[in-house]
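# Descriptive analysis of the structure
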Amino acid sequence: MRILCSTGAVTHHPTRADHRLVAEARGLPVDAFELSIYPAWIDGGEAVAEDLAAIALPVETAHAEKAIGARLSEGDATAVARLERNARLAGGLGARLLVLHLWELPLGDRHLERNLELLPACIDAAAGYGLELAVETIPCSVGSPLGNAARAVERDPRCALVLDTEFLALHGELEGALDAGLPVAHVHLKDFAGEISHGDPRRRYLLPGEGRLDLDDFLADLRGRRYDGAVTLEASAVDPAGALDAGRLEEIAAALRRLAA
């Protein structure tokens, strides 16, 4: 099981979204990263892609812009074209998996049928750049993450899933997630303290041991099931003003070393 870290550890939209800042993640003790893509990167075109390629950060997974999910929730077919541009960037940097928020606020999953109608086109857009598309189990407005995920897989069996430990715990679904029989391609790992935190990015993403979840047991269960995908630690060392907190970055590095041990 490979341990990755999100480049969101050193970037944060909108306070610290300069694509060149991902270079500050180089010192983290991982073999590869999950690239968090922000809107300005796509609007920046080929220059952004060239800059990121020159940084030569190993990218195994990429997380598409979260706002794409909001467009899908509105039934906006232009969201597929936007996802394709994300896929072009991710594929060009060597990623193999593209994470998608299939639904997103403000509508969330209130009209999930709209999102599901556009899902096959999203999968095709990712596949065009050699990427597997994986839908993340994110918070829901009316349904549940695993319920929505099952509907996505039913709509298109090519759909893979990303289990997010925090968001599943929010909906009381973490304990049953691995028994749901769904095609898990990736895992987002972060702790949960009982409610979603807002404000300071450093406390928005809790490291294992900072919340209430038994993530050691969850990871042991993954290994016992011979899970051969990757696990991304989602964390942030960015303070509310957009500066990098060196102390928090070292705590993230220490958490990554523990996970890899």
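The structure this text deals with has already been given above.
Let me sum up the structure you'll find in this document. (Residues numbered from 1 in each chain as written. Predicted model: local features only at pLDDT ≥ 70, side-chain atom pairs only at ≥ 80, totals over all residues. Heavy atoms only, no water.)

### Overview of the overall build of the chain
Assigned secondary structure in the chain consists of 11 helices and 8 strands. Rg of the C-alpha trace for the chain: 17 Å, near the compact-globule value of 18 Å for 261 residues, within the 12% margin. Considering only C-alpha atoms, the chain reaches an extent of 45 × 45 × 35 Å along its principal axes. Sequence-distant contacts, at least 24 apart, represent 77% of the contacts inside the chain between residues at least 6 apart. Total accessible area on the chain is roughly 10900 Å²; 49% of this is exposed by carbon and sulfur atoms. Charge separation in the chain, taken as the distance between the mean sites of 26 positive and 41 negative side-chain charges, equals 1 Å. (Helix = DSSP H or I, 4+ residues; strand = E, 2+ residues; numbered from the N terminus. Rg over C-alpha atoms; globule rule 2.2 N^0.38 Å. Contact = heavy atoms within 4.5 Å. Areas by Shrake-Rupley, 256 points an atom, 1.4 Å probe, with all protein chains shown as cover. Lys, Arg positive; Asp, Glu negative; His and termini not counted. Charge placed at Lys NZ, Arg CZ, Asp CG, Glu CD.)

### Concerning the nonpolar core
By size, the foremost hydrophobic cluster in this structure holds 82 residues, and its most contacted members are L28, W41, L98, L102, L133 and I252. Take this core: its biggest share by element is 8 residues, from helix α5 (residues 112-127). Residues contacting L98, with those up to four places away along its chain left out, are A62, A64, L83, A87, A90, A126, L131, E132, L133 and A134. Formed by 5 residues, the second largest nonpolar core is a distinct cluster that contains L97, V99, A160 and V162. (Core = buried A, V, L, I, M, F, W, Y, C linked by side-chain atoms within 4.5 Å. Buried < 20%, exposed > 50% of the residue type's maximum accessible area, 1.4 Å probe, protein only.)

### Some details on α5
Counted at 1.5 Å a residue, the expected span for α5 with its 16 residues is 22 Å, and the 22 Å between its end C-alpha atoms agrees. Along its length, α5 shows its largest kink, about 40°, at L119, and proline P120 lies within four residues downstream of that point. Residues of α5 that are buried include every one of L112, N115, L116, L118, L119, P120, C122, I123, A125 and A126, and no others. Packing partners of the buried residues in α5 comprise α3 (67-73), α4 (78-92), β4 (97-100), β5 (132-136) and α6 (145-155). (Expected span 1.5 Å × (residues − 1). Bend = angle between axes of the 7 residues up to and from the residue.)

### Observations regarding the side chain of S6
Looking at the secondary structure, you find S6 in strand β1 (residues 2-6). In this structure S6 comes out as buried when scored by relative accessible area, which is 5%. In terms of polar contacts, S6 uses its side chain to reach the side chain of S36, at 3.0 Å. Apart from residues lying up to four places away in sequence, S6 is in contact with E34, S36, T232, L233 and E234. (Polar contact = N/O pair within 3.5 Å; in protein donor to acceptor, adjacent residues only side chain to side chain.)

### Points about the environment of R158
Position of R158 among the secondary structure elements: in the loop between α6 and β6 (160-164). On the basis of relative accessibility, which here comes to 41%, the residue R158 falls in the partly exposed class. For the pair R158 and A243, spaced 85 residues apart in sequence, the C-alpha to C-alpha distance is 40 Å. The contacts of R158, once residues within four sequence positions are left out, are P120, I123 and D124. Of the polar contacts made by the side chain of R158, one reaches the backbone oxygen of P120; its length is 3.4 Å.

### Here's the deal with the packing of α4 against α5
At a minimum axis separation of 8 Å, α4 and α5 run at an interaxial angle of 25°. In terms of axis orientation, α4 runs roughly parallel to α5. As α4 packs across α5, the resulting crossing turns out to be right-handed. Across the interface between the two elements, V80, L83, E84 and A87 from α4 touch L118, A121, C122, A125 and A126 from α5. Residues that form the contact of α4 with α5 fall into these classes: 8 nonpolar, no polar and 1 charged. (Axes fitted to C-alpha atoms, helices over the stretch in contact; angles between N-to-C directions. Parallel < 35°, antiparallel > 145°, perpendicular 65-115°, else oblique. Left-handed = near helix turned anticlockwise from the far one by under 90°. Nonpolar A, V, L, I, M, F, W, Y, C, P; charged D, E, K, R; others polar.)

### Examining the sheet that holds β6
Spatial strand order, β1-β2-β3-β4-β5-β6-β7-β8: 8 strands in a closed barrel with parallel pairing. On average, adjacent strands in this sheet sit at an angle of 30° to one another, irrespective of strand direction. In this structure, strand β7 (residues 184-189) lies alongside strand β8 (residues 230-233), joined through 4 bridges in parallel fashion. The residue bridging H186 from the neighbouring strand is A230, located in β8. Sitting on the sheet, helix α11 (residues 246-260) is in contact with β1, β7 and β8, with an inclination near 165° to β1. (Pairing = 2+ DSSP bridges.)

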